[in-house]
Amino acid sequence: MTEPTAKPAGEPSQVSRCDHAPEARLNPNVRGLRPSSTLAINERSDKLRRQGRTIFAMGLGQSPFPVPGPVVEALRRNAFQKDYLPVQGLPELREAVAAHHRREFGIATTGDHVLIGPGSKELMFLLQLVFAGDLLVPTPTWVSYAPQARIIGRQVRWLPTSASNGWRVNADQLDAACRADPDRPRLLILNYPSNPTGTTYDTDGLAAIAAVAHRYSLIVLSDEIYGKLHHHGRHDSIVPLYPEGTIFSGGLSKWCGAGGWRLGLFVFPECLDWLRDAMTAVASETFTSTSAPIQHAAVRAFADDPEIERYLQLVRRVLAALGRHVARQLEEAGVQVRAPQGGFYLFPDFSAKAGALRSRGITTSVELCERLLEDTGVAILPGRDFGRPDEELTVRIAYVNFDGGRALEAARALSSDAAVGNDFLRSHCGEVLEAVQRVAVWINRRPGLDRVVQD
Ligand code: PMP
Ligand code: GLU
């Protein structure tokens, strides 16, 4: 062993140099990958606020409503839970999820077919990792499916949809995507009510897709994380229509207002248990198991409970009225938009204003969102992030920047047949209305006056 050479007194110790050539040492699949746009816009909005700007944070899609009281109480009671839980999830929770599934869909299942994870996003990543085949994704689409595929090195086949058909993929389109190579293994991701469009499928549309899925033995990942936020409580699912090939995806993040709790779940049909097993094995080598107190509390969330049902009815009433109102505001400003059916997003298209926007130097959805943020303080996301062409002037608005706790209490005080009207929205969701009003004024402003809108 060589003796360390003594440093001459007074000489600073050698600082290690960063000579790792980072790009060359990154897995090529993640070179250039940036943080997810939903999370990045949130951090950017916070930063601008700290700099003193008035920001209308409509970028990140997170429920404004508090977690239902009984579920918070269950978490409090379970704070002491400290042990690792089984990789697949707490048996009591898996059973509660299975019972919920049986009630909702009339499907015979058990807790054995349920997999719990730290957010459904993580489970989707595991699914893409263990599944060998192509990915079929309708666009517009939630921001993370394709980057997950890219990280893993999986091919994505886009299925573009349009506003005229409610941003829904149809059976012929799906058939055409599979026909040339019918035996190729494929995973189709369907998300409804949709992030980012707020539209959803009816039973006939789902049945037609199910028939094609059956024909080509597709695996369907049915992302129903906004299912309970169907504005009229009438969510249809493909699960009972294609039970043998559908994996149901859900969790607490949206309907239960608990995105930060990080609890997601998959329910597998028996014939896809091989995927459950592979994912469980990978989970055991990566996240081990989902937070114990959260899983114990989630048992309460999946109980058949009138108090939670009442919470959901109120949340839906507020979201339905607000979504309708915002869509109307945009239409009156000359912006095309489909009225939302569920969740808390709208996906307006500004192409009717393309000429005026071009004269203001705006030709892409990214430029549109940048300028809106700069000029009005309204933070929203460009259609590009949802798989749309750069030059399509679509954007996603998350109408969630209001105090959901206050709105919920006010809705509770309304009689059951009273409408959530404009006065209610002005009092309890005023920031949303103001933001959309700013967009409406900005879009119809003559060139040169852009910044007047900003405070
Ligand atoms: N799917 C969709 C469509 C989403 O909007 C989100 C956003 N949270 C997720 C999945 C992931 O949700 P989580 O990981 O919080 O369960
Ligand atoms: N799903 C939310 C959104 O689309 C945010 C959370 C996330 O992307 O993980 O804005």
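This text follows the structure it describes.
Structural notes, computed from the coordinates. Owing to the predicted nature of the structure, the values given are computational and were not obtained by experimental measurement.

Cut-offs and rules
- Residues numbered from 1 in each chain as written.
- Chains lettered and ligands numbered in written order.
- Predicted model: local features only at pLDDT ≥ 70, side-chain atom pairs only at ≥ 80, totals over all residues.
- Heavy atoms only, no water.
- Near = heavy atom within 4 Å.
- Polar contact = N/O pair within 3.5 Å; in protein donor to acceptor, adjacent residues only side chain to side chain.
- Areas by Shrake-Rupley, 256 points an atom, 1.4 Å probe, with all protein chains shown as cover.
- Helix = DSSP H or I, 4+ residues; strand = E, 2+ residues; numbered from the N terminus.
- Nonpolar A, V, L, I, M, F, W, Y, C, P; charged D, E, K, R; others polar.
- Phe/Tyr/Trp six-rings, centres within 6.5 Å; stacked < 30°, edge-to-face > 60°.
- Buried < 20%, exposed > 50% of the residue type's maximum accessible area, 1.4 Å probe, protein only.
- Lys NZ or Arg CZ within 6 Å of the ring centre and 35° of its normal.
- Contact = heavy atoms within 4.5 Å.
- Axes fitted to C-alpha atoms, helices over the stretch in contact; angles between N-to-C directions.
- Left-handed = near helix turned anticlockwise from the far one by under 90°.

## Focus: the site of ligand 2
- By nearness alone, every residue bordering ligand 2 is listed as Thr-38, Leu-60, Gly-61, Lys-121, Trp-142, Asn-195, Lys-254, Tyr-345 and Arg-396.
- Between Gly-61 and ligand 2, the recorded distance is 2.7 Å, taken from a backbone N or O atom to an oxygen atom.
- In this structure, an oxygen atom belonging to ligand 2 sits 2.9 Å away from a side-chain N or O atom of Arg-396.
- Surface burial for ligand 2 is 87%, taken as the share of its 290 Å² of free accessible area covered by protein chains.

## Describing the site of ligand 1
- Near ligand 1 there are 14 residues, and of these Asn-195, Asp-223, Tyr-226, Ser-253 and Arg-262 occur at the shortest range.
- Between ligand 1 and the protein, one listed contact pairs a nitrogen atom with a side-chain N or O atom of Asp-223 at 2.5 Å.
- Contact with the protein chains covers 94% of the free accessible surface of ligand 1, which is 390 Å².
- With three residues, helix α5 (residues 120-130) is the single largest residue contributor to the shell around ligand 1.
- Class assignment of the residues belonging to the shell around ligand 1 gives a composition of five nonpolar, five polar and four charged.

## A look at the packing of aromatic side chains
- Tallying each qualifying case throughout the model produces 11 aromatic pairs.
- Their ring planes at 75 degrees and their centres at 6.1 Å tell us that Phe-347 and Phe-386 sit as a pair that is edge-to-face. Residue Phe-347 is found in the loop between β9 (345-346) and α12 (354-359), and its partner Phe-386 is found in the loop between β11 (381-382) and β12 (395-398); the two are separated by 39 residues along the sequence.
- Given the relative accessible area of 0%, Phe-386 is considered buried.
- Here a set of aromatic residues connected by ring pairs shows up, and it is made of Trp-167, Phe-347 and Phe-386.
- Lys-228 extends its terminal NZ or CZ atom over the ring of Trp-255, reaching a point 5.3 Å from the ring centre.
- One residue, Arg-360, lies across the ring of Trp-442, its end atom 4.3 Å from the ring centre.

## Quick notes on the environment of Arg-317
- Residue position: Arg-317 is located in helix α11 (residues 306-332).
- On a C-alpha basis, the gap between Arg-317 and Ser-359 in space is 40 Å, while along the polypeptide they are 42 residues apart.
- Not counting chain neighbours up to four residues away, the residues in contact with Arg-317 comprise Ala-411, Leu-414, Ser-415, Ser-416, Ala-418, Ala-419 and Val-420.

## Focus: the packing of helix α3 (residues 69-77) against helix α10 (residues 292-301)
- Two elements in contact, α3 and α10, have axes whose closest approach is 8 Å; the angle formed by their N-to-C orientations is 150 degrees. Relative to α10, α3 is oriented so that their crossing is right-handed. Taken together, the residues of α10 that come into contact with α3 (itself represented by Pro-70, Val-71, Ala-74 and Leu-75) are Pro-293, Ile-294, Ala-297, Arg-300 and Ala-301.
- Grouping the constituent residues of the contact of α3 with α10 by class yields eight nonpolar, no polar and one charged.

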